[in-house]
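# Observations on chain architecture
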Amino acid sequence: MIGLTMGSSCLPVAVMLCLNVVAAVMVSLVKVAMNGGMNPLVIVTLQQLTASVFLAPIAFFKERKSRPKLTLEIFAYIFVSAALGAALRQYMIFVALRYTTATFVTAFSNIAPVLTFLLAVATRSEALNLKCRTGMAKLAGTLVSLGGAMVLTLYKGVALTHAMSPHSQHHRPETVSRGKWTLGTVAILGNCVCLSCWFLLHGRLAKKYPHVYSCNALMSMLSFLQVAVVGLCTQRSITPWIITSKFQILTVLYAGIVGCGVSFVLVTWCIEKRGAVFVAAFIPVVQIIVSVIDFSILHEQLYLGR
């Protein structure tokens, strides 16, 4: 009995660690794809379309008998969740990747657990008792995450690794204009705000509509329609929408099926089991994995600070 209890309590931790690996790989793939000329809005649109096509059959066959009627309230929750968690958030993180580096994006994302915790306390979704050790640990962790994110953003340090290979020289942070770097920073900040709001909103949605496949399939479809409308208005030429290289196709499939479809279902399950703050607390793990991928595979330079 004790072993079963420990196993069930450790399962969300194992799931979140796996999801962080998935997120880190997706960030690196998307960064390389955009360096090759892919538009971030096109990637988000195709990603959400792929996710909805992947999840729709699963939702239909697995939950068609148990799925309740979709009320206007639930539809409104899913629509806003699609805008915050999929459309806006994914687009902002891809824009940030376009104008900064993958390591910087994941490092700055450490502010998301702070925002999630503060919003959870403000909305009384999370309790904070400073008289006990748990409350003090939560506060200390929040301050450390905030301080680390600010240092990595504001402090421009020296290189920690050897010079990069010639084929990656054009991706060095020094070559990015200050205006574009600032735009990327604002974009990742917007991503953190959207992500924190989405965690809390999705937590409430999971209680009101506990059918994870149907919920996330509809969310992916709505987010696809949202970004598709914007994309068709801003990218009227057919050229950016045509992907031909095997790497770009692989990136879209991975981002849609694994990075969005499977991940959203598992994140919803983890939020339902352990809460939004628990899920947000694992975000810093992505930074470590992305840094390793950046340095060892993509041959990016690592810096002390930004």
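Conventions adopted
Residues numbered from 1 in each chain as written. Predicted model: local features only at pLDDT ≥ 70, side-chain atom pairs only at ≥ 80, totals over all residues. Heavy atoms only, no water. Helix = DSSP H or I, 4+ residues; strand = E, 2+ residues; numbered from the N terminus. Expected span 1.5 Å × (residues − 1). Bend = angle between axes of the 7 residues up to and from the residue. Polar contact = N/O pair within 3.5 Å; in protein donor to acceptor, adjacent residues only side chain to side chain. Core = buried A, V, L, I, M, F, W, Y, C linked by side-chain atoms within 4.5 Å. Buried < 20%, exposed > 50% of the residue type's maximum accessible area, 1.4 Å probe, protein only. Contact = heavy atoms within 4.5 Å. 1 Å grid on protein atoms, 1.4 Å probe; cavity = no way out; pocket = protein on both sides within 12 Å on 5 of 7 lines; lining within 4 Å. Points joined across faces, edges and corners; volume = space filled by probe spheres on them. Salt bridge = Lys/Arg side-chain N within 4 Å of Asp/Glu carboxyl O. UniProt positions renumbered as here; feature names shortened; annotations may be inferred. Axes fitted to C-alpha atoms, helices over the stretch in contact; angles between N-to-C directions. Parallel < 35°, antiparallel > 145°, perpendicular 65-115°, else oblique. Left-handed = near helix turned anticlockwise from the far one by under 90°. Nonpolar A, V, L, I, M, F, W, Y, C, P; charged D, E, K, R; others polar. Phe/Tyr/Trp six-rings, centres within 6.5 Å; stacked < 30°, edge-to-face > 60°. Lys NZ or Arg CZ within 6 Å of the ring centre and 35° of its normal. Patch = residues over 30% accessible without salt bridge, like charges linked within 9 Å, V, L, I, M, F, W, Y side chains within 5 Å. Areas by Shrake-Rupley, 256 points an atom, 1.4 Å probe, with all protein chains shown as cover.

In this model helix α2 (residues 40-63) runs 33 Å from its N-terminal to its C-terminal C-alpha over 24 residues, within 8% of the 34 Å that 1.5 Å per residue would give. At L55, α2 shows its strongest bend, of approximately 25 degrees, with the proline P57 following within four residues. In this structure N39 caps α2, since a side-chain oxygen of it lies 2.8 Å from the backbone nitrogen of L41.

What follows concerns the nonpolar core. In this structure, F94, L97, W198, F199 and V279 are the most contacted members of the largest nonpolar core, which totals 73 residues. Discounting residues that sit within four places of it in the chain, V279 has contacts with M16, F199, V267, C270 and I271. Membership of the second largest hydrophobic core comes to five residues, among which are L55, A59, V212 and A217.

Here we come to empty space enclosed by the protein. In the structure shown here, the tally under the stated rule is one cavity of 30 Å³ or more. Looking at the largest cavity, its volume works out to about 480 Å³. Lining the largest cavity are 26 residues, and of these A23, R89, L195, I283 and V286 sit closest to its centre. Among the secondary structure elements, those contributing two or more residues to the lining of the largest cavity are α1 (2-35), α3 (72-99), α4 (102-108), α7 (178-208), α9 (246-274) and α11 (283-296). Among the elements that take part in the lining of the largest cavity, α1 stands out by supplying seven residues, more than any other.

A word on the pattern of salt bridges. For the coordinates displayed, the defined rule picks out one salt bridge. Taking the shortest distance from any N to any O, the salt bridge between E73 and K208 comes out at 3.2 Å. In this pair, E73 sits in helix α3 while K208 sits in helix α7, placing the two residues 135 residues apart along the sequence.

In the numbering used here, UniProt assigns the feature "transmembrane region" (unreviewed entry) to residues 40-62, 74-97, 103-123, 135-155, 181-201, 213-232, 252-271 and 278-298. Overall, residues 40-62 shows 100% helix and 0% strand. The separation of its end C-alpha atoms is 33 Å. Helix makes up 100% of residues 181-201 and strand makes up 0%, while its end C-alpha atoms are separated by 30 Å.

The packing of two helices is summarised by the inter-axis angle and the distance between the axes. Closest axis-to-axis distance for the helix α8 (residues 212-234)/α9 pair is 10 Å, and the angle between their directions is 130 degrees. Comparing their axes, α9 and α8 come out oblique. Note that α8 runs across α9; the crossing there is right-handed. On α9, the residues touching V212, Y213, N216, M219 and S220 of α8 are C260, F264, V265 and T268. Partitioning the contact of α8 with α9 into residue classes produces six nonpolar, three polar and no charged.

Okay, the environment of T116 next. In this fold, T116 is placed in helix α5 (residues 111-122). Placed 79 residues apart in sequence, T116 and L195 show a C-alpha to C-alpha distance of 8.1 Å. For T116, the contacting residues outside a window of four places in its chain are S196, F199, L200, A276, V277 and A280. Looking at T116, its side chain comes within polar contact range of the side chain of S196, at 3.0 Å.

Turning next to the packing of aromatic side chains. Considering all chains together, one arrives at five aromatic pairs under this definition. Each ring, one from F278 and one from F282, has its centre 5.1 Å from the other, and the planes form 70 degrees; the classification is edge-to-face. The rings of W198, F199 and F264 are connected pair by pair, giving a single aromatic cluster. Positioned above the aromatic ring of W198 is the side chain of R89, whose terminal nitrogen or guanidinium carbon lies 6.0 Å from the ring centre.

Let's shift gears to a nonpolar patch on the surface. On the surface, L70, L72, F75, F79 and V80 cluster together into a nonpolar patch covering about 450 Å² of accessible area. One can find F75 in helix α3. Of the residues examined, F75 reaches a relative accessible area of 32% and is grouped as partly exposed.

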